[in-house]
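# Structure assessment
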Amino acid sequence: MKLKRLSVIAAVCSISLTIGLGTAEATVPDAAAALKAGADQGIADGYPGIIGMVRDGAQSRYIQAGVGDRGTGVPADPKAKFRIGSNTKAFTAATVLLLEADGLLSIDDTVAKWLPNAVNANGHDGSKITIRQLLNHTSNLPNYTMNIDGFTTGRVWTPQQLVDGALRKRQPNAQPGEKWEYTNTNYVLAGMIIRAVTGNEPAAEMKTRILDRLGLADTALPTTDNNIYGNFLRGYYLAGPFILDMTVTNVSATQTAGAMISTLDDLATFQRALVGGTLLPPAQQTELKTTVSTGAGPDYGLGLMRLDTPCGRTAWYHNGVVPGYFSFHLTSEDGAKQVVEANNESHLISGTPGQNHTGAAAVNAFCAL
């Protein structure tokens, strides 16, 4: 099996901006206005639809621009579901940390302890890689890749097939822990470890430990069903003059690295609990926020990045990219102040005008809170 190009990565948008709102007098409506201005520009850049929310404590405001369905022209609904891509990684990392809190594993266990033969090819050795190194992307494992057909065909990829495809790509070029390199392979393996430790599917462990606990009724990790149900944004992939509808997507291509579906409200609720410290015990909270240098961007913790904003306020950040959808969130250190946005177009290219404009507006909105 040859796995080809898969650009489902958490590449931080290059953001060049000026904070245009006086933070001493800022309000949630001011922040919403800043986010809305970016959304309108994003539509001008070519996004079909954009939804977003800002929240400070108990105060929330939603914005939208464009359409949620190009065929019907229905406006994009801020309450709609969407595929969250690599924002899934925080759910996976949190599940692993909750297992550690229950004494079922240590994130300093080796991969080989739980998956003896999963990483044992082309010079890669799971006995030298820890779970922590999977979660902070310092394992030195290659990223598995596939082309767009991998998301649209009926083939079901097993986790081990994705890992095997990654290991064949190259031999190690550094020791585990030496350098940071973002790779979805890490989080597929994290899902495999959840299964090995508990005997349950990762989706079931997430549901019990996180989704049910926080009341996230519109969030799920699909494992075999490629559809979205209820109220959702349709997702589009622009390929030159062609527009592909990628709403129905092969979830086995991303799994615990990027297959989850959620809403603005659910994603904000989860991130508030995670970042704000009410989901994890103190020891695991410290591990979550212990970061490593990425070399040229925000430092990376466990499924989250620490972004130093121009207004001096730290934001915990991640984005999610899958064919048809691009989403991101910014959450303050205490979880109180949040910006969440989702756009229903992605052709797996980072640094597009739409990403840059909406990303800059999101930082402006966050700094206005």
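Before any of the text, the structure's been laid out above.
Let me sum up the structure you'll find in this document. These numbers were taken from a predicted model, which means no experiment stands behind them.

Strand pairing within a sheet occurs via backbone hydrogen bonds; the two strands may be parallel or antiparallel. The strand order β2-β1-β13-β12-β11-β10-β9 describes an open sheet built from 7 strands, whose pairing is antiparallel. With partners counted over all chains shown, the strands left at the sheet margins are β2 (59-66) and β9 (299-300), one partner each. In the sheet, β9 pairs with strand β10 (residues 305-308) via 2 bridges, with the strands oriented antiparallel. Counted as the bridge partner of D299 is R306 from β10.

Glancing now at the state of the cysteines. Applying the stated criterion across every chain, the model contains 1 disulfide. Here C311 engages in a disulfide with C367; their sulfurs sit 2.1 Å apart. Across the disulfide from C311 to C367, rotation about the S-S bond amounts to roughly -80°, and the bridge is consequently left-handed. Here C311, found in the loop between β10 and β11 (314-322), pairs with C367, found in helix α11 (residues 353-368); they are 56 residues apart in sequence, far enough to count as distant. C311 sits in the partly exposed class, given a relative accessible area of 31%.

Helix α7 (residues 184-198) packs onto helix α6 (residues 159-167) with a crossing angle of 145° between their chain directions and a minimal axis gap of 10 Å. Relative to α7, the crossing made by α6 is left-handed. Here P159, Q160, L162, V163 and A166 of α6 lie close against α7, whose contacting residues are T185, V188, L189, M192 and R195. When grouped by side-chain class, the residues that make up the contact of α6 with α7 number 7 nonpolar, 2 polar and 1 charged.

Attention shifts here to unusual backbone geometry. Unusually for a residue other than glycine, H137 sits at a positive phi of about 65°. Phi at Q255 takes a positive value of approximately 50°, unusual for a residue other than glycine. The residue Q255 is located in the loop between β7 (242-245) and β8 (261-262) in this model.

We now examine the environment of Y62. If you trace the backbone, Y62 turns up in strand β2. Y62 sits in the partly exposed class, given a relative accessible area of 30%. Between the alpha carbons of Y62 and D265 there is a distance of 9.9 Å; along the sequence they are 203 residues apart. When residues no more than four places from it in sequence are discounted, the contact partners of Y62 are G52, M53, P78, K79 and D265. Side chain to side chain, Y62 and K79 meet in a polar contact 3.1 Å long.

Cut-off values and rules
- Residues numbered from 1 in each chain as written.
- Predicted model: local features only at pLDDT ≥ 70, side-chain atom pairs only at ≥ 80, totals over all residues.
- Heavy atoms only, no water.
- Pairing = 2+ DSSP bridges.
- Helix = DSSP H or I, 4+ residues; strand = E, 2+ residues; numbered from the N terminus.
- Disulfide = S-S within 2.5 Å.
- Buried < 20%, exposed > 50% of the residue type's maximum accessible area, 1.4 Å probe, protein only.
- Axes fitted to C-alpha atoms, helices over the stretch in contact; angles between N-to-C directions.
- Left-handed = near helix turned anticlockwise from the far one by under 90°.
- Contact = heavy atoms within 4.5 Å.
- Nonpolar A, V, L, I, M, F, W, Y, C, P; charged D, E, K, R; others polar.
- Polar contact = N/O pair within 3.5 Å; in protein donor to acceptor, adjacent residues only side chain to side chain.

Bear in mind that shape data such as this cannot, by itself, settle questions of function.
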